[in-house]
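# Report on the structure
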Amino acid sequence: MTILNILTLPDKRLKTIADPVVSFDADLKKLTKDMLETMYDAPGIGLAATQVDVHKQVVVIDISEDKNNPICLINPKIVEKNGLQTHEEGCLSVPNIYAKVKRASSIVVEAQNETGENITIVADELLAVCIQHELDHLKGIVFLDHLSVMIASYRSPAG
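From a predicted model like this one, the values you see are computed outputs, not experimental measurements. (Residues numbered from 1 in each chain as written. Predicted model: local features only at pLDDT ≥ 70, side-chain atom pairs only at ≥ 80, totals over all residues. Heavy atoms only, no water.)

This part is about helix H1 (residues 26-41). For H1, which comprises 16 residues, the first-to-last C-alpha distance of 22 Å matches the rise-based estimate of 22 Å (1.5 Å per residue) to within 8%. The elements touched by buried residues of H1 are strand S1 (46-48), strand S2 (58-61) and strand S3 (71-82). Two to three positions downstream of the cap, the backbone nitrogen of Asp 27 sits 3.2 Å from a side-chain oxygen, assigning the N-cap of H1 to Asp 25. (Helix = DSSP H or I, 4+ residues; strand = E, 2+ residues; numbered from the N terminus. Expected span 1.5 Å × (residues − 1). Contact = heavy atoms within 4.5 Å. Polar contact = N/O pair within 3.5 Å; in protein donor to acceptor, adjacent residues only side chain to side chain.)

Here's what the structure looks like:
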């Protein structure tokens, strides 16, 4: 496994919209393992492929204390949102900056795992926040985009 380079602001590649995964092959399995190793090493609780300059719809998450419960989401889509919570967020691509962000308090996500099997995850609290945060990355959104325009001033005038 390999520790991958994590892109940080103001790197414009973080604004790239990820493409769906179509091949569930050895390269994808290696990517997910490398992403997990990178996330644990950083340390973080979630990482999107966009953050490591791979623009595919791949997310890894592990919110467990012991770092022994990894979740891999391929081509994830939130199909249900309920409630509202405010949670302080940070990001490996935005080092040393934390802010309170409002997100759904519970969600239902449909995705595939690294072998292409369809999975559904019902999440609340921290897991719901983490999934929403990482799925934003796949759309070219960083958590600062949820804050005021003055705070998210890293954007170029052209967008």
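Attention shifts here to the pairing of S3. Sheet topology places S2 next to S3; four bridges connect them, and they run antiparallel. By the bridge assignment for S3, Val 60 is matched with Cys 72. (Pairing = 2+ DSSP bridges.)

With that out of the way, let us pick up the sheet that holds S3. Strand order across the open sheet formed by five strands is S1-S2-S3-S6-S7, with antiparallel pairing between neighbours. At either margin of the open sheet sits one strand with a lone partner, and together these are S1 and strand S7 (118-124). The average angle at which neighbouring strand axes cross in this sheet is 40°, direction not considered. The sheet contact formed by S3 and strand S6 (residues 106-112) spans six bridges and is antiparallel. Within S6, the position partnered with Glu 80 by the bridge is Val 108. Packing against the sheet, helix H2 (residues 125-138) makes contact with S1, S2, S3, S6 and S7, and its axis sits at approximately 125° to S7. (Axes fitted to C-alpha atoms, helices over the stretch in contact; angles between N-to-C directions.)

Under the criterion given, the structure shown has zero disulfides. We note that Cys 72 lacks a disulfide partner, and the nearest cysteine sulfur, in Cys 130, lies 13 Å from it. Take Cys 130: it sits in no disulfide, and the sulfur closest to it among the cysteines is that of Cys 91, at 10 Å. Looking at Cys 130, the relative accessible area reads 4%, which means it is buried. (Disulfide = S-S within 2.5 Å. Buried < 20%, exposed > 50% of the residue type's maximum accessible area, 1.4 Å probe, protein only.)

The subject of this paragraph is a nonpolar patch on the surface. There is a patch of nonpolar side chains on the surface, built from Ile 45, Ile 63 and Leu 126 and spanning about 190 Å² of accessible area. Structurally, Leu 126 is set in helix H2. (Patch = residues over 30% accessible without salt bridge, like charges linked within 9 Å, V, L, I, M, F, W, Y side chains within 5 Å. Areas by Shrake-Rupley, 256 points an atom, 1.4 Å probe, with all protein chains shown as cover. Salt bridge = Lys/Arg side-chain N within 4 Å of Asp/Glu carboxyl O.)

Counting 18 residues, the largest nonpolar core has Ile 61, Leu 73 and Ile 131 as its most contacted members. When residues of this core are assigned to their parent elements, the largest contribution, six residues, is made by H2. With near-sequence residues (within four places) excluded, Ile 131 lies in contact with Ile 61, Leu 73, Ile 107, Val 109, Ile 121 and Ala 123. Counting 14 residues, the second largest nonpolar core, distinct from the first, contains Val 21, Leu 31, Val 58 and Cys 72. (Core = buried A, V, L, I, M, F, W, Y, C linked by side-chain atoms within 4.5 Å.)

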